[in-house]
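# Fold and geometry: a report
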Amino acid sequence: MGNRKSLKQRKSCSYLVPNPHLRYLNLKNSNKIQSLPILKNGSRFQDLKSSKTVNKTDRVVLSNTYAFDALSSILMVSYCDSQVYSKLMDSFNDDKYFNLISSLVKNGITSSTYTKRLEVIKHYLKPELQLLQYNITFAKCNATMGHIVKALLKNYPTIEEFSKRSSNICIKTSKWQVMYLTYQTGNSGNLSGLQHFFKECTGVEYLECSENCDGMKTVHSKISTHHLFIDVLQWEGNDLTSSMCSTEAASMV
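The text that follows walks through the structure, step by step, so that each part is easy to find. What you see is a predicted model, and the numbers here were worked out from it, not measured in a lab.

Conventions and cut-offs
Counting of residues starts from 1 at the beginning of each chain's written sequence and follows it residue by residue. Two thresholds apply to this predicted model, a pLDDT of at least 70 for residue-level local features and 80 or more for giving and counting side-chain atom pairs, whereas whole-chain, interface and lining totals are computed over all residues. As a rule here, side-chain values cover all heavy atoms of the structure and leave hydrogens and water aside. Helix and strand assignments follow DSSP, with helices taken as H or I runs no shorter than four residues and strands as E runs no shorter than two, numbered in order from the N terminus. Each residue is assigned to one of three classes by its accessible area relative to the maximum for its type, calculated with a 1.4 Å probe on protein chains only: buried under 20%, partly exposed between the two thresholds, exposed over 50%. Any pair of residues with heavy atoms lying within 4.5 Å of one another is described as a contacting pair. The protein chains shown are the only cover counted for residues, whose accessible areas, like all others here, come from Shrake-Rupley with a 1.4 Å probe. Nonpolar side chains (Val, Leu, Ile, Met, Phe, Trp, Tyr) within 5 Å and like charges within 9 Å form the patches, drawn only from residues with over 30% relative accessible area and no salt bridge. Each reported salt bridge corresponds to a side-chain nitrogen of Lys or Arg within 4 Å of a carboxyl oxygen of Asp or Glu. A cavity, in this analysis, means grid points on a 1 Å lattice covering only the protein atoms where a 1.4 Å probe fits yet has no way out; a pocket is instead an open set bounded by protein on both sides within 12 Å along at least five of seven lines, and a residue lines either one if it has an atom within 4 Å of a point. Grid points are joined across faces, edges and corners, and a volume is the space filled by probe spheres set on the points. Any residue that is not Ala, Val, Leu, Ile, Met, Phe, Trp, Tyr, Cys, Pro, Asp, Glu, Lys or Arg is counted as polar, Gly included; the first ten are nonpolar and the last four charged.

## Points about the overall build of the chain
A count of helical and extended segments in the chain gives 6 helices and 13 strands. The proportion of buried residues among the 253 residues of the chain is 35%. Expressed as a percentage of contacts within the chain between residues at least 6 apart in sequence, the contacts between residues at least 24 apart total 58%. Of the roughly 17,000 Å² that the chain leaves accessible, carbon and sulfur atoms contribute 51%.

## Focus: a nonpolar patch on the surface
Among the surface-exposed residues, Val-204, Tyr-206 and Met-216 lie close enough to one another that they form a single nonpolar patch of about 320 Å² accessible area. Tracing the backbone shows Tyr-206 in strand S10 (residues 205-210). A relative accessible area of 60% means that Tyr-206 is categorised as exposed.

## Overview of empty space enclosed by the protein
The full count for this structure, using the stated rule, is 2 cavities of 30 Å³ or more. Every residue lining the largest cavity is listed: Asn-64, Thr-65, Ala-67, Phe-68, Ile-121, Leu-125, Cys-141, Ala-143 and Ile-148. For the second largest cavity, the calculated volume is near 30 Å³. What lines the second largest cavity is simply Tyr-85, Leu-88, Met-89, Phe-92, Phe-98, Tyr-156, His-226 and His-227. When the residues that make up the lining of the second largest cavity are grouped by side-chain class, the tally is 6 nonpolar, 2 polar and no charged.

## Topic: the environment of Tyr-180
Mapped onto the elements of the fold, Tyr-180 is located in the loop between strand S8 (173-178) and strand S9 (181-185). Taking the C-alpha atoms as reference points, Tyr-180 and Asp-231, 51 residues apart in sequence, are found 6.9 Å from one another.

Next comes the structure, spelled out in structure tokens:
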């Protein structure tokens, strides 16, 4: 957001003062502009257009790759916006998905792009396969965005949570991953409480250990240095914390 100048200060076409945090971004410089490709959703089933697999003999028709393509677009933008993130992504040479993102940004869509996408989907998402005529396989990619994030970024969670018990009866340390956070808003879509919500999710918790232990359990969080995924959902109605709510059914903001 910019700050409005007075009428006397409007000497140019634009009277907005750039945000000082974004001064490094110069959209007037053509060298700073990066064009990103848009992946085509699935394959055209009617024409039996398909992608070749690595062995060049099998052909696969993909269905509904929207969630996969949407996440890929988000990561492509992040790759361009942050040199730290792009270097990090390039350092994972054995990660097929990150290699695909890097290739899309650097080379655009090439003759091998959809073959690489197919291999990533088959490797990470394990889609349901159905054999059609003419030795063509139909792959159903009916996965939600939440499932896509968990499958493709399972080694890079948003938060890692650690719990430690204080009792001598059950000395145990546990660790689990949180792939993404879910923040719910009302009809207005107001995000003013998002920062407070994030602090609550990453704060230290002190809980009772269990029924068979009189000790306390301390839970603390480690925030990812790679990326943070927060799913912002907009619910209609007053009860935003209802257990009947499904994060896959709400409207995404």
